Amino acid sequence: MKLRPYQTKLMQLPTGGGKTVVFSSILKKAEAKQTDALLLTDRTELFKQAKRTLEFGGVSVSTIEPSVKTMPTEGIVVAMAPTLGRRLAKCGFSPRLIIVDEAHIGTFTRVLEHFPDAV
């Protein structure tokens, strides 16, 4: 995936601006540097879209979702925030980078507070 010029400069994009492509590019770079990273979503549609886009871009992805009981310990992880929030006590994953899709919703605080050293 090649980002458009405006996508390399903005941290906030309107609907249809390509946020999924932008954070997929960031996570591909994190994977190349072997940096553990977490992408948080709060809706199934966004979760599926992010996972699909990352896999299409060649990123190896693990997930934290209701139907998967195992917890990843490293790599690039796409997580449903409510599910991860319920499993924080069992979480052996410590991301250095966290990207939140739809951060304005406000359902991510508990998870973000659990990883104070993440960017």
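Above: the structure in question.
Everything numeric here is computed off the predicted structure, so don't read it as measured data.

Here we come to the sheet that holds strand β4 (residues 97-100). Strands sit in the order β2-β3-β1-β4 across an open sheet of four strands; the sheet is parallel. Each edge of the open sheet carries a strand with a single partner, namely β2 (61-64) and β4. On average, each strand axis in the sheet is inclined to that of its neighbour by 20 degrees, with strand direction left out of account. As judged from the five bridges shared by strand β1 (residues 37-41) and strand β3 (residues 76-80), these two strands associate in the parallel manner. Its bridge partner lying in β3, L38 is registered against V77.

We now examine the side chain of T63. Position of T63 among the secondary structure elements: in strand β2. The class for T63 is buried, based on a relative accessible area of 12%. Of note is the side chain of T63, whose polar atom sits 2.9 Å from the side chain of E65. With residues up to four places along the chain from it excluded, the contact list for T63 reads F47, K51, V68, T70, P72 and V78.

Before going further, it helps to examine the pattern of salt bridges. All chains considered together, the criterion is met by two salt bridges. We note a salt bridge from E55 to K51, for which the minimum N-O separation is 3.0 Å. Of this pair, E55 and K51 are both found in helix α2 (residues 44-56), four residues apart, which corresponds to roughly one turn of the helix. Since its relative accessible area comes to 24%, K51 is described here as partly exposed.

Attention shifts here to unusual backbone geometry. Residue Q34 is not a glycine yet carries a positive backbone phi of 60 degrees. With respect to the helices, strands and loops of the structure, Q34 is situated in the loop between α1 (19-32) and β1.

Moving on, we come to the pairing of β3. Along β3, five of the five residues are buried, which leaves the element largely enclosed by surrounding structure. Burial along β3 is two-sided: I76, V78 and M80 and V77 and A79, pointing in opposite directions, are all buried. Pairing geometry for β2 and β3, over four bridges, is parallel. Bridge pairing in β3 links S62 to V77.

What counts, and where the lines are drawn
Within each chain, residue numbers correspond to sequence positions counted from 1 in written order. Only residues with pLDDT of 70 or above have their local features reported here, since the model is predicted, and side-chain atom pairs are shown and tallied only from 80 upward, although totals for entire chains, interfaces and linings are computed over all residues. The side-chain values count all of the structure's non-hydrogen atoms but skip hydrogen atoms and water molecules. Note on pairing: DSSP must find at least two bridges between two strands before they are called paired. Elements are defined by DSSP. Helices are runs of H or I of four residues or more, strands are runs of E of two residues or more, and each kind is numbered from the N terminus. Axes here refer to lines fitted to C-alpha atoms; in helices the fit is confined to the stretch in contact. Angles between the N-to-C directions go from 0 to 180 degrees. The buried label applies to any residue whose accessible area, calculated with a 1.4 Å probe on protein chains only, is under 20% of its type's maximum; exposed applies above 50%, and partly exposed to all values in between. Within 3.5 Å is the distance limit for a polar contact, defined as a pair of N or O atoms, with the added protein rule that one can donate a hydrogen and the other accept it, and that residues adjacent in sequence qualify only through two side-chain atoms. The contact rule is simple, with two residues in contact once any of their heavy atoms fall within 4.5 Å. By salt bridge we mean one thing: a side-chain nitrogen of Lys or Arg within 4 Å of a carboxyl oxygen of Asp or Glu.

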